[in-house]
Amino acid sequence: MPLARLTGDAILCRDDPALPRSRPGGTPFLIAALTVIPQLSLALVAWLAALSAPEKIRFDPARDLPGYETVRASPDKDYYPLESFEVLLGEEMQPEELAAVRKRWADERGAVDAKFAALAADPRAACLFRLQFRLGQHAFFSKVGWTLEELPAPFALIVQRPSKDDPKHAAAMVELYRPWLALLAAQFDARIAGPAKCAPRADHGAVVLAVLATPGDFQTASRFLEYGMSSVAGGYYDGKLTLGVGRDDPFGGSKSARIRVRPLLIAACVGLLHRHHADATQPKSVLVKVGMPAYLFETLGDGKTVADAPKPPTALLMNLTEVLSDSKKRLECAIRLPQLLPLSHDSEAIGLADRQARGVGQTDLSDRRAYWDFFNEQCQLWTHFLFDGDGGAHRERWLRFVQLVMSGKDAVEAARVAFEGQDLRALEQAFWSWCVAEMQRVFPTSQVPPDAIEDLLAERQAPLAAAAASAGPARVATPTAAPVEPPFDPKLFDVGVGDFDARIGLGLVRARDGDLDSALAQMQELAALSPAAPYEGRVRREVERLTAAIRLRDQWLAGLAAKSGRLEIEIEGKKVNAPVARVENGTIVFAANKQGATTLPVASLDPADVVRLTEKKEAQAGSEPWVRGYLALLAGDAKHEKLLKGDAPAVRDLREDARVWIPGTLRAGVVARIFQEIAAAPLPASRSEGEAAIERVRALLAEADVPAVVLRHSSIARYAKTALAATAVGLELGEFVHGQLSTTADGVVRLVYEFEDAAEAADFQRHPGYTKEMRAKYPALQRTEAQAQIEVADGQARFLGPMAWRLPLGLQAPFSIRYQFRFVKTEGEMAASPSLDLLVCDDGKESFVRCSEFGWIFAIERTTGRTASSNPPSSVSYYPDTDYTVEMQHDGTRVATRFEGEERATCAVGALRSGGVVFWVHTDQPIVVDHVVIEGRVDPSSIEPARRAWIARELAALGL
C-alpha cells in the first residue's frame, strides 16, 4: 500500500484499489498500518479502537424523543412525565442507552395517550381525571384526605374526610346537597341556558364542588385558591381549578339547610356560568357573575318548591334603605348603571371603587367594606329587577345582554347592543323606586328621604368636600365629650303583642316540644285578640288542629291505662318500657317496672313518639290520619307527607299551610323563644353567664334569614359584645392566645409557638401603618401592606410583605424571646433584602426597643426624644434557606442579643422596661419562623387590650 505521509495524529494513505473501501479505523487500514510501521502498533491500536467505538451523544429530549415537542406544547403537558426526561438534558449516552430512554418515553407517553384516548368519548370522566390530577399537586388538597362522590349531572362532589373518621360523613354531605343541586341545574336551564341559548362546552364535562370539613380548613384553603368577586362568604369558585369550594360547620352550623348550602350553591352557579360560556374563560360581565348566582339561588325557595318571582332577601333591602337614607353613603356606595353595566372583570370593579371616592372629592372611600358589601348587593338587586321588576318588562333586554355575554362578548359590547335605545336614567329611576317599594312591602314603616333617589340620579353630584367648603368659614368647635353608648337593655328583645308571627311560632314550638295543652291555651288567647288576616285564619286552624291532636293523645293514653298497656319511650336518655297504671293531673303514672320509672309528665311526650306509638288503627281511637300527619309535621318527620293525602278540606288546608307558612313560623317561634329568654334575664355578669348568652347568640345566628333576626341584628351584636365582655373577665391568660402558655408558681409565663395549628396565626395581629417613617427608609417592595400575610401550617409561620405583627400580650422585664427563622429565596425573582426585627417594650406609639435579626439594638422614647443604640462588633454572613436562632434578653436595665449562640450586642434602655411585642417584617420573599419561645412576666397593662382584642376576634368569628 503506498505510503503518503506520516503525521503526529495519523497515517494518511493514498487510495489503494486492492483494499476494500472503508472509513479510517476499519480492519484493512489497521493491517496496512501495522505492516508499514510496527513500532507504532500499540498507539495505533488504541487510537483506531477509539475510532471504532460507537459515538456518544449529548441527550436533548426535543431532538431525541419523537413527539416530545408536540407534547410539551399541549395543554395536557402536565399529565406527561416530562420532568423525568428533562433532567437528562446534556447527559452523554451510548446508542443503547438512548434506545432505552426512547423506549421508556414511548411506553410512558403511550400510557397517557391511551388514557386520554379512552376518555375522549366521556367528557365528564376526562374532566374529573384532570381535576383529580391537579388536586394531587395542589398546595392544600394534596395534603388532606378526600373522596370524590357522584351527584346528578353535571355535578360531582369532593368531600374532605373529617379529622375524626366518620364513615357516614360523605353520604350525609351528598344527601344534603343532592336535591338542591338537582333543582339548581333545572332552574339554570329554564332561566338562563334556555332563554340565552347557551349550551355547555364539550370540553367542560362537570361542575365539581368541594365540601371542606371545618371552617378552619376552609380558611386555610382560601390562601391557596384563586377566586373573584363572584365568591361569597363561606364559598369560593376557583376559575383556574374550575372548582367550587365550601365548608361544613359541625359545631356551629345553622340548623337551616338553606343557610348551610347557600355559599356552595352560589359557587355552583358560577361554575354553571363558566361551563356554558363560549370559551374556557369566565363570563366577561361582573354583573352577570355576581348578580346572577345570588338571584338564581333565591329562585330555589326551600329546595323543593321554586319561586317564580323570588323576592330580594330582607337583609339586602334593609341595607339599601340605610344607604339611601345616608347622604354620604348614598354618594359613595350607590353605583350608577352606566358605570356598573360595562364592568367586565374584577379589576375594573376595583378601579370603580377609586372613581367613586374621587367622585365625592375624596382620595379614598370612608368605608371600603361597606362599599364592597353594597356593590355585591346592587348586582343581585339589579338582577332581581331586570328579571322580574315592573312585571318582567325588562327581561327581554336583560336576557339579550346575558346571551351576548355568554357567547363571549365583553360587557361593554353586550351592553351597547342589548340596551341600545334604552333611557338608562329612566331605568335607574324605576330600579330604585322598585327597591324602596320592596322594602316597604316587607317593613311598611320604613322610610327613605323623598329626595334620595333624585339626589342619587342628579346629573352632577357635588363632591362632599366642595359641599363642606361652601358652607362658609370654619368655626372653632367647642370640645365635647365623646358620646357614651347607653347600657344595653335586654328588654329590647321582648316579643310585641302584635307580633303574630312570633306568637303563633311560640305556640307551635311548645307543641313541637310536646306541651300541646299550653300551645292550645296560647292559640286561644291569640284568637281572643281577633287578629287581622291572614293571622285570624291561621290561629283558628291551629286551635282546631291542636284540639284534635290532644284528643288523639288523651284517648290513646286512656286506652293504655285501661289495659295496662306498655309505654316504650326514652326518659332522660334512658330507655323505658313500662305498663301505664293511670293518667291523672297531666301525669302518666307507671305500674311497677324493671327500669324503676314512676311518672312522666304528659307535656313531655314528644309528638314523634305519639306518631310512632299510634301506628296501629286501634291506638288512633277514630282520629283522622291528618292528625298524626300534623304531629309528624311539628316533629320534622318527613312521614307527614304520606299522612296528608286526600282532598278533604282539613287535609288540603294543612298541606297548603305546611308549604306556605308553618315551617317559617316555627323558625320565628324558635327565635322568639330565645328573645324571651334574653329579655327575662339580667345581662350576663360572669363567665358562665356570658358563655350561655353566646350560645343564645349562636342559635339566633343559625336562623340569620328570619326577619326578626335581621331587624334586631344590631341589638344581637350589642348583646353578644356584652356577653363576650362578661366571659372575657373570667378568662385565664392562656385563653387570650393560641400558643402554648404555661405559668410558674411565681407568675412567670412561658409562651411557645410551634405553628402546628393554623389558629396560631390569629395571635399575630396586624398593625397597619405602624412605624411608617422607619419603613420608608427601607427599599420599596412589590407587595403592599394590604397584601402582607402570615400563613401558619406544617410547623412554620411564613411572613410576606411589609407589616408590623403585634402579639396579644405584652411583657414586663425581666424577659427573654428566642426564635428560629430562615430567609427563603425564590429563584428567578429580584427582591429587596428581607428584614425581620423584633420590637419589645412597645407602647404602640413608636417607643420601643428594636432588635434586628442579626443583633443590632436601637431604643427610642418618643415622649423624651432619648435614644440609644448598640452595634455588634462584626457583620454576619447569612445564607438563604438556612435556619438561624436569635435570642434577646431584657434584665430590667439592659437588653442583650445573641445570634446562633454568639453574643452580639448589649444596650442600656432606660425606662423602656415593659410593653408590647411586635414582629416587624419587610420582605417580598418568604421569611419562615419555625418556633418562638417567650419567657417572662406579662405586662399587666396589656391584659385589658388583650381582652378587647379577644372580644373583637370572637365578634368577627360570629359574623358580627
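These numbers were taken from a predicted model, which means no experiment stands behind them.

Caption draft 1: Region of interest: the overall build of the protein chain. Helix and strand counts for the protein chain come out as 34 helices and 29 strands. Computed over C-alpha atoms, the radius of gyration of the protein chain comes to 38 Å, more than 25% over the 30 Å expected from 2.2 N^0.38 for 960 residues, which places it beyond the range of a compact globule. Reported as C-alpha extents along the three principal axes, the dimensions of the protein chain are approximately 135 × 80 × 80 Å. Burial statistics for the protein chain: of 960 residues in total, 46% are counted as buried. In the protein chain, the proportion of contacts linking residues at least 24 apart, taken out of those at least 6 apart, comes to 68%. For the protein chain, the computed accessible surface area is about 46,800 Å², with 53% contributed by carbon and sulfur atoms. With 111 positive and 125 negative side-chain charges, the protein chain shows a spacing of 2 Å between the two charge centroids.

Caption draft 2: Quick look at the sheet that holds strand E7 (residues 207–212). Sheet architecture is open: five strands sit in the order E5-E6-E7-E9-E8, paired in mixed fashion. Two strands in the sheet have a free side with no partner beyond their single neighbour: strand E5 (146–150) and strand E8 (236–238). The mean inter-strand angle of the sheet, taken between neighbouring strand axes irrespective of direction, is 25 degrees. Pairing analysis gives five bridges linking strand E6 (residues 155–160) to E7, with the strands arranged parallel. Bridged to Phe155 within E7 is Val207.

Caption draft 3: Layout of the packing of aromatic side chains. One pass over the full model with this rule turns up 42 aromatic pairs. Summarising the aromatic geometry, the rings of Tyr371 and Phe375 are spaced 6.3 Å apart at their centres and angled 40 degrees between planes, so their arrangement reads as tilted. Of this pair, Tyr371 and Phe375 both sit in helix H16 (residues 368–388), four residues apart, which is roughly one turn of the helix. A cation over an aromatic ring shows up here: Arg806 above the ring of Tyr770, its NZ or CZ 5.2 Å from the ring centre. Over the face of the ring belonging to Trp920 we find Arg850, whose NZ or CZ atom lies 5.6 Å from the ring centre.

Caption draft 4: Structural view of a positive patch on the surface. There is a patch of like positive charges on the surface, built from Lys642, Lys645, Arg652 and Arg655. The partly exposed category is assigned to Arg655, whose relative accessible area is 33%.

Caption draft 5: Summary view of the confidence of the model for the protein chain. Residues of the protein chain with pLDDT of at least 70 account for 91%, and the chain-wide mean is 85. In the model of the protein chain, helix H21 (residues 464–469) stands out as the element of lowest mean pLDDT, 34, in contrast to strand E22 (residues 848–851), which has the highest, 96. Of the regions scoring below 50 in pLDDT, residues 1–40 engages in 38 contacts with residues more than four places distant in sequence or in other chains. Contacts of residues 460–484 to residues separated by more than four positions or lying in other chains number 14 contacts, the stretch itself having pLDDT below 50.

Caption draft 6: Expanded view of the side chain of Thr242. Positionally, Thr242 belongs in the loop between E8 and strand E9 (243–247). Assessed through its relative accessible area of 17%, Thr242 is described here as buried. Ignoring any residue separated from it by four or fewer positions in sequence, one finds Thr242 in contact with Arg134, His204, Val208, Tyr237 and His274.

Caption draft 7: Layout of the pattern of salt bridges. Counted under the stated rule, the structure contains 51 salt bridges. Measuring nitrogen to oxygen at the nearest pair gives 3.7 Å for the salt bridge that ties Glu641 to Lys304. With Glu641 in helix H27 (residues 640–643) and Lys304 in the loop between helix H11 (286–298) and helix H12 (314–325), the pair connects residues that are 337 residues apart, well separated along the chain. Measuring nitrogen to oxygen at the nearest pair gives 3.3 Å for the salt bridge that ties Lys639 to Glu615. Residue Lys639 is found in the loop between helix H26 (625–635) and H27, and its partner Glu615 is found in the loop between helix H25 (607–613) and H26; the two are separated by 24 residues along the sequence. Each of the salt bridges in this network shares a partner with another, and the network as a whole consists of Arg541, Glu542, Arg545 and Asp657.

Caption draft 8: How the structure looks around helix H28 (residues 649–660). Compared with an ideal rise of 1.5 Å per residue, which puts twelve residues at 16 Å, H28 spans 16 Å between its outermost C-alpha atoms and is within 8% of the ideal. Residues of H28 that are buried include every one of Val651, Leu654, Asp657 and Ala658, and no others. Projection of H28 onto a plane perpendicular to its axis shows the buried side chains occupying an angular sector of 135 degrees, all on one side. Those residues of H28 that are buried are in contact with helix H24 (535–563), H26 and helix H29 (662–680).

Caption draft 9: The nonpolar core, seen in detail. Ile817, Phe821 and Val849 are the most contacted members of the largest nonpolar core, which has 128 residues in total. Ranked by residue count, the leading element in this core is H24, at eleven residues.

Caption draft 10: Quick look at the pairing of strand E27 (residues 902–908). Pairing analysis gives six bridges linking strand E26 (residues 894–899) to E27, with the strands arranged antiparallel. Of the residues in E27, the one forming a bridge with Ala896 is Thr906. Between E26 and the antiparallel strand that follows it, E27, lie two residues; Glu900 among them carries a positive phi value of about 55 degrees.

Caption draft 11: Examining the environment of Val602 more closely. Within the secondary structure, Val602 is located in the loop between strand E13 (599–601) and H25. Under the relative-accessibility criterion, Val602 is labelled buried at 6%. Sequence separation between Val602 and Trp856 is 254 residues; the distance between their C-alpha atoms is 77 Å. Those residues within four positions of Val602 in sequence are excluded, and the remaining contacts are Gly514, Arg553, Leu557, Val583, Gly586, Thr587 and Ile588.

Caption draft 12: The environment of Leu492, seen in detail. Relative to the helices and strands, Leu492 resides in the loop between H21 and helix H22 (500–512). It is 53 Å that separates the C-alpha atoms of Leu492 and Gly910, two residues lying 418 residues apart in sequence.

Caption draft 13: Summary view of the sheet that holds E13. Taken in spatial order, the four strands make up an open sheet running E10-E11-E12-E13, and their pairing is antiparallel. Strands at the two margins of the open sheet, each flanked by one partner only, are strand E10 (566–571) and E13. In this sheet, neighbouring strand axes are inclined to one another by 50 degrees on average, regardless of whether the strands run parallel or antiparallel. Sheet contacts for H24: E10, strand E11 (574–584) and strand E12 (587–590); angle to E11, the most-contacted strand, approximately 90 degrees.

Caption draft 14: Representation of the packing of helix H10 (residues 257–276) against H11 in the model. Across the interface, H10 lies against H11 with an axial gap of 9 Å and an inter-helix angle of 130 degrees. Relative to H11, the element H10 is oriented oblique. Note on packing geometry: the crossing formed by H10 with H11 is right-handed. Residues Arg258, Val261, Arg262, Leu265, Ile266, Cys269, Val270 and Leu273 of H10 touch H11, and the partners they reach there are Val288, Lys289, Met292, Pro293, Ala294, Leu296, Phe297 and Glu298. Classifying every residue of the contact of H10 with H11 gives twelve nonpolar, no polar and four charged.

Caption draft 15: Fine view of the packing of H22 against H29. One way to put it is that H22 packs onto H29 with a least axis distance of 6 Å and a crossing angle of 90 degrees. Regarding the angle of H22 to H29, the classification is roughly perpendicular. Here Asp501, Ala502, Ile504, Gly505, Leu506, Leu508, Val509 and Arg512 of H22 lie close against H29, whose contacting residues are Ile662, Thr665, Leu666, Ala668, Gly669, Val670, Ala672, Arg673 and Gln676.

Caption draft 16: Broad picture of the side chain of Arg545. When you line up the elements, Arg545 lands in helix H24. A relative accessible area of 4% means that Arg545 is categorised as buried. In this structure Arg545 touches Trp626, Tyr630, Asp653, Leu654, Asp657, Trp661 and Ile662, once residues within four positions along its chain are discounted.

Caption draft 17: Region of the structure containing a negative patch on the surface. A grouping of Glu754, Glu756, Asp757 and Asp794 is seen on the molecular surface, where their side chains present a negatively charged patch. Within the secondary structure, Glu754 sits in the loop between strand E15 (749–753) and strand E16 (765–766). For Glu754, a relative accessible area of 34% corresponds to the partly exposed category.

Criteria and thresholds
- Residues numbered from 1 in each chain as written.
- Predicted model: local features only at pLDDT ≥ 70, side-chain atom pairs only at ≥ 80, totals over all residues.
- Heavy atoms only, no water.
- Helix = DSSP H or I, 4+ residues; strand = E, 2+ residues; numbered from the N terminus.
- Rg over C-alpha atoms; globule rule 2.2 N^0.38 Å.
- Buried < 20%, exposed > 50% of the residue type's maximum accessible area, 1.4 Å probe, protein only.
- Contact = heavy atoms within 4.5 Å.
- Areas by Shrake-Rupley, 256 points an atom, 1.4 Å probe, with all protein chains shown as cover.
- Lys, Arg positive; Asp, Glu negative; His and termini not counted.
- Charge placed at Lys NZ, Arg CZ, Asp CG, Glu CD.
- Pairing = 2+ DSSP bridges.
- Axes fitted to C-alpha atoms, helices over the stretch in contact; angles between N-to-C directions.
- Phe/Tyr/Trp six-rings, centres within 6.5 Å; stacked < 30°, edge-to-face > 60°.
- Lys NZ or Arg CZ within 6 Å of the ring centre and 35° of its normal.
- Patch = residues over 30% accessible without salt bridge, like charges linked within 9 Å, V, L, I, M, F, W, Y side chains within 5 Å.
- Salt bridge = Lys/Arg side-chain N within 4 Å of Asp/Glu carboxyl O.
- pLDDT = per-residue confidence, 0-100.
- Expected span 1.5 Å × (residues − 1).
- Arc of directions from axis to C-beta.
- Core = buried A, V, L, I, M, F, W, Y, C linked by side-chain atoms within 4.5 Å.
- Parallel < 35°, antiparallel > 145°, perpendicular 65-115°, else oblique.
- Left-handed = near helix turned anticlockwise from the far one by under 90°.
- Nonpolar A, V, L, I, M, F, W, Y, C, P; charged D, E, K, R; others polar.

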